[in-house]
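Given next are the chains, with one letter for each unit.
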Amino acid sequence: MRISELSARSGVSVATIKYYLRERVLPEGERTSATQATYGEEHVRRLGVIRALVDAGVGIAGVRNVVAVLESPPEHPYDLLGAASAAVNPPGLDDDALDLGPARALLGRFGGDPEDCFPAQVAAVARALNALDRAGFTVPESVLDAYVEHLGAIAAAELDATPTDSAEAALRYVVLGTALVEPLILALRRVAEQIAASRRFGHD
């Protein structure tokens, strides 16, 4: 199909498709002349992934990271998770100055060794805890216990559902699940709080 057809199929404008081609997050089509190329179903699928990531708030640099991992997925499942996490959660500028102690203590509640966690993930927890501390907000211990219990269950369920037929399928599931499902989890948390508040306090 030509680029105009690709645009119609994907719902992405021709100008945006050309931008993704320049940024090398969308592979080149098959050249038919110096100024023309044809595109296939893989381009439609890739545009679906790109648009989903962009709509979830992932910038073009993050999209490029995801694409790089999708095109060269690591073989070991543990490394796969790390690559997926790094693709959509780049390190912060001040990570080297972070106090990781409180983050490691919190992660220890999950029953594993915090040293087994990817450094970027530990740093992300530390940044979140620092933000809470700066705001003077303390999460009650009972609430932290609930987070650990239920997030642990969510993680186990997600891993059980991860495809095992190929590394690329697993990576696609993990990367898109990280980028696109986290907003859903946040939205469901807020809905759950509204329902819990309605049951506890009632409403007009």
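Model, not experiment: these values are computed from the prediction.

A few words on the environment of Ile17. Looking at where Ile17 falls in the secondary structure, it is placed in helix 2 (residues 14-22). Residues Ile17 and Ile3, 14 residues apart in the sequence, show an inter-C-alpha distance of 8.0 Å. When sequence neighbours within four positions are dropped, the list of residues in contact with Ile17 reads Ile3, Leu6, Ser7, Ser10, Val12, Leu26 and Leu47.

Moving on to the pattern of salt bridges. Under the criterion given, the structure shown has 9 salt bridges. Linking Glu41 and Arg9 is a salt bridge whose minimum nitrogen-to-oxygen distance equals 2.9 Å. In this pair, Glu41 is assigned in helix 3 (residues 41-55) and Arg9 in helix 1 (residues 3-10), connecting sequence segments 32 residues apart. Using a relative accessible area of 38% as the deciding quantity, one classes Glu41 as partly exposed. Among the salt bridges present, the one from Arg31 reaches Glu28, with a minimum N-O distance of 3.6 Å. Each of Arg109, Glu141 and Asp145 takes part in one network of salt bridges that share partners.

Rules used throughout
Counting starts from 1 at the beginning of each chain's written sequence and moves along it residue by residue. It should be noted that, the model being predicted, local features are given only for residues of pLDDT at least 70 and side-chain atom pairs only at 80 or more, the latter also being counted only at that level, while totals for whole chains, interfaces and linings use all residues. Based on all heavy atoms of the structure, the side-chain values leave hydrogens and waters out of the count. Numbering of helices and strands starts at the N terminus; helices are DSSP runs of H or I of at least 4 residues and strands are runs of E of at least 2. Note on contacts: a residue pair is in contact if any heavy atoms of the two residues lie within 4.5 Å. Salt bridge, as used here: a side-chain nitrogen of Lys or Arg that lies within 4 Å of a carboxyl oxygen of Asp or Glu. Residue exposure (1.4 Å probe, protein chains only): buried if accessible area is under 20% of the type maximum, exposed if over 50%, otherwise partly exposed.

Limitation: the analysis is restricted to geometry and does not speak to function.
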